[in-house]
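# Structural overview for review
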Amino acid sequence: MQLDDHAEELASDLGVDKQEVKADLENLIEYSVPVDEAKQSLRRKYGDTQSGETPTVSSIDEIDPDDGTVNLTARVLTVGTREIHYDGETQVIREGTIADESGKIGYTAWDDFGFEAGDTVTVGNGSVREFRDKPEINIGDSSTVTIKDESLEVPYRVGGDRSLTELSVGDSGRVIEVVVEEVETRTISGRDGETTIKSGVIADETGRLPFTDWAARPEMTTGATLRLEDVYVREFRGVPEISLSKFTTVTELNKPIEPQSDRTRLTIQEAVKTGGVYDIEIVGNIVDIQDGSGLIERCPECNRIVQNGRCRTHGDVDGVDDLRVKAVIDDGTGAATVVLDKEQTAEIYGGGIDAARQAARDAMDQSVVREKIGEEIIGREYRVSGHLSVDEYGARIEATEFVEADGNVAQQAEELLTGVES
Ligand SMILES: [Zn+2]
């Protein structure tokens, strides 16, 4: 055994910092104390200040962000591998969730300790920190991980297998089985110069999500059915997106995957609760049209809306005319802003930019365009498809489809809601 190993064993047993123990150990050995005696002496030293010779073993539900370090035995639920850039260096980390009978907690391991999902491990000297308002365990240089033979039973799902609708932003180490519906190859300029990536849409029986394959794998082709192991979910433009890193394993599947042909229809309340959702459908009444709708001007530099000839970033600019609608849709469960692009707006208005310009000139007032659009859609019920994002201003859906609804779906939803309340 090397000195390092002795220090590690002591650090793990005593639940103290490895570097500290190692320094003490080196010190004693320098004074010609035999290593076993030195270890005994350190056990006494740290044992006096800690709780005896047995290390403190916490159960997960008792872990508090104020706890410095913990020792615990837990089942590894998920392991995600990721490369992060920290302090100018590139480091591979493992992250996921571990659990015992009492609860589960997120972890980040800064070394490869060799454990996999399903393993039962004893973590020595894990440090507790707060991450996204929750305690998390950091397993680093001064920690130890021992893989146990016996398996700890926990009341949680072991492994990363999920359906697409079960995924949310921040998940890592997930395993999904999907069919590739759309894919395009692009070159982007990244950290290490030009990189080729693939992006598109994948689907399973439960739903659809956009993806980016940062390694542009040849297997990611339209129609391919694949098992993707170790993917993570990030937020991109307000909706979840699957990321395939270089650590993701892609295996071709010999079975068909049949995605739903219909979009998932959600109430606005349900959609908002997701925090951001890809490709859904809502049905509701248009109750208002917001400022910045109709004939608008955009900054030629940054595309932002120009007001009175001024861009907030670029000052006085020659604005470029555009058409847009920002309408408020309400289905009785909640409200969201529907954003329609130039083509969709032109269709409702019954004319393009030239017609709108002419009308504004004739009336010597740009707001006539907005008013006419309002007369067309306010008070009517629409079926809206698209990606819904949620931020501090509320929910917003960039419509890919905006069509007048045929039934009284919103009214039914309202009646249903009223029925529940009364
Ligand atoms: Zn600008």
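Each value, and the rule that gives it
- Residue numbers run consecutively from 1 along every chain, following the written order of its sequence.
- It should be noted that, the model being predicted, local features are given only for residues of pLDDT at least 70 and side-chain atom pairs only at 80 or more, the latter also being counted only at that level, while totals for whole chains, interfaces and linings use all residues.
- The side-chain figures draw on all heavy atoms in the structure; neither hydrogens nor water molecules are used.
- Numbering goes from the N terminus for both helices and strands, where a helix is a DSSP run of H or I of at least four residues and a strand is a run of E of at least two.
- Summary of the burial criterion: residues with accessible area below 20% of their type's maximum are buried, those above 50% are exposed, and those between are partly exposed, where the area comes from a 1.4 Å probe applied to protein chains only.
- Residues count as neighbours in contact if any of their non-hydrogen atoms are within 4.5 Å of one another.
- Only C-alpha atoms enter the line fits that serve as axes; for helices the fit covers just the stretch in contact. Angles between N-to-C directions range over 0 to 180 degrees.
- The scheme is simple: roughly parallel for angles under 35 degrees, roughly antiparallel for over 145, roughly perpendicular for 65 to 115, oblique for anything else.
- A clockwise turn of the near helix away from the far one marks a right-handed crossing, whereas an anticlockwise turn of less than a right angle marks a left-handed crossing.
- Confidence per residue, as judged by the predictor, is encoded in pLDDT with a range of 0 to 100.
- Each metal's donors are the N, O and S atoms found within 2.8 Å of it, except that Na, K and Ca use a 3.2 Å limit; water is left out, so coordination can look incomplete.
- All geometry calls rest on donor angles, where a four-donor set with angles between 85 and 135 degrees is tetrahedral, four- and six-donor sets with opposite donors more than 155 degrees apart and all others between 65 and 115 are square planar and octahedral, and all else is irregular.
- To define a nonpolar core, start from buried Ala, Val, Leu, Ile, Met, Phe, Trp, Tyr and Cys residues and group those joined through side-chain atoms within 4.5 Å.
- Whether two strands pair depends on DSSP finding at least two bridges between them.
- The start and end points of each domain follow an automatic or database-based domain assignment.
- Buried area, as used here, totals the accessible surface that two parts lose on assembly, with accessibility defined by a 1.4 Å probe and the loss added over both.
- Just to be clear on terms, a salt bridge is a Lys or Arg side-chain nitrogen sitting within 4 Å of an Asp or Glu carboxyl oxygen.
- Side-chain classes follow a simple rule in which Ala, Val, Leu, Ile, Met, Phe, Trp, Tyr, Cys and Pro form the nonpolar group, Asp, Glu, Lys and Arg form the charged group, and the remainder, Gly included, forms the polar group.
- The arc under discussion is defined with respect to the helix axis, by the directions toward the C-beta atoms.

## Examining the environment of E404
By the secondary structure assignment, E404 is in strand 21 (residues 394-404). Residue E404 is classed as partly exposed on the basis of its relative accessible area of 45%. Along the primary structure E404 and G284 are separated by 120 residues, whereas in three dimensions their C-alpha atoms are 9.7 Å apart. Once residues lying within four places of it in the same chain are set aside, the contact partners of E404 are R380, E381 and Y382.

## Notes on the packing of helix 1 (residues 3-14) against helix 2 (residues 18-30)
Packed helices, taken two at a time, are described by the angle their axes make and the gap between the axes. In the contact formed by helix 1 and helix 2, the axes pass within 8 Å of each other and the chain directions differ by 125 degrees. Compared by their axis directions, helix 1 and helix 2 come out oblique. The element helix 1 and its partner helix 2 pack so that their crossing is right-handed. Residues L3, D4, H6, A7, E8, L10 and A11 of helix 1 lie in contact with helix 2, whose contacting residues are K18, V21, K22, L25, E26 and I29.

## A word on the confidence of the model for the chain
Averaged over all residues, the pLDDT of the chain equals 88, while 93% of them reach at least 70. Residue range residues 48-55 is modelled with pLDDT below 50. Its contacts to residues more than four positions away, or to other chains, number 10 contacts.

## What to know about the coordination of the zinc ion
The expected angle between donors at a tetrahedral four-coordinate metal is 109.5 degrees. At an octahedral six-coordinate metal it is 90 or 180 degrees. Protein coordination of the zinc ion is provided by C299 (SG), C302 (SG), C311 (SG) and H314 (ND1), with donor distances spanning 2.1 to 2.3 Å. With four donor atoms in place around the zinc ion and angles of 106 to 113 degrees between them, the coordination shape is tetrahedral. Here the donor residues for the zinc ion map to a single chain with the spacing C-x2-C-x8-C-x2-H. When its relative accessible area of 2% is taken as the criterion, C299 is described as buried.

## Observations concerning unusual backbone geometry
Located in the positive-phi region is A216, a residue other than glycine, with phi close to 45 degrees. Note that A216 resides in the loop between strand 9 (208-213) and strand 10 (225-236). Notably, N303 is not glycine yet its phi reads approximately 75 degrees, a positive angle. In this structure, N303 sits in the loop between strand 15 (294-298) and strand 16 (310-311).

## Focus: the nonpolar core
Buried together is how nonpolar side chains tend to be arranged in soluble globular proteins. The biggest cluster of nonpolar side chains holds 32 residues, and the ones touching the most others in it are I329, V338, I373, I377, V384, L388 and F402. With five residues, the top contributor of residues to this core is strand 14 (residues 276-289). Among residues more than four places away in sequence, those in contact with V338 are V325, K326, A327, I329, V384, I397, A399 and F402. The next biggest cluster of nonpolar side chains, apart from the first, holds 20 residues, and it includes L167, M220, A224 and V231.

## Focus: the pairing of strand 3 (residues 103-109)
Within strand 3, five of the seven residues are buried, leaving the element largely enclosed by the surrounding structure. Sheet topology note: the strand 2 (residues 89-100)/strand 3 ladder contains seven bridges and is antiparallel. Residue pairing in the sheet places I98 in a bridge with I105 of strand 3. Sheet analysis places strand 3 next to strand 5 (residues 134-139), joined by four bridges and oriented parallel. Counterpart to Y107 in the pairing with strand 5 is I137.

## Remarks on the domain arrangement of the chain
Along its sequence, the chain is carved into domain 1 (3-49), domain 2 (60-147), domain 3 (164-252) and domain 4 (264-421). Look at where the C-alpha atoms of domain 1 and domain 2 centre, and you get two points 24 Å apart. Taken together, the contacts link seven residues of domain 1 with seven residues of domain 2. Together, the buried faces of domain 1 and domain 2 total about 530 Å²; carbon and sulfur atoms form 46% of this surface. Counting across the interface, domain 1 meets domain 2 through zero salt bridges. Here the residues of the side of domain 1 that touches domain 2 are counted per class, giving two nonpolar, two polar and three charged.

## Regarding the pairing of strand 19 (residues 335-340)
As a general feature of sheets, a regular strand has side chains that alternate between the two faces. By the criterion of burial, strand 19 is predominantly enclosed, with five of the six residues buried. Bridge count for strand 18 (residues 320-330) against strand 19 is six bridges, and the pairing is antiparallel. Bridging from a neighbouring strand, A327 pairs with V338 of strand 19. In textbook terms, the turn of a hairpin is the stretch between consecutive antiparallel strands, and for strand 18 and strand 19 this stretch comprises four residues, one of which, G332, has a positive phi near 90 degrees. Direction of pairing for strand 19 relative to strand 21: parallel, over a ladder of three bridges. In the strand pairing of strand 21, V339 is matched with E398.

## Describing helix 7 (residues 367-377)
Within helix 7, the full set of buried residues consists of V369, I373, G374 and I377. Projected onto a plane normal to the axis of helix 7, the buried residues spread over an arc of 135 degrees and lie on a single side. After helix 7 finishes, the residue G379 shows a positive phi value of roughly 90 degrees.

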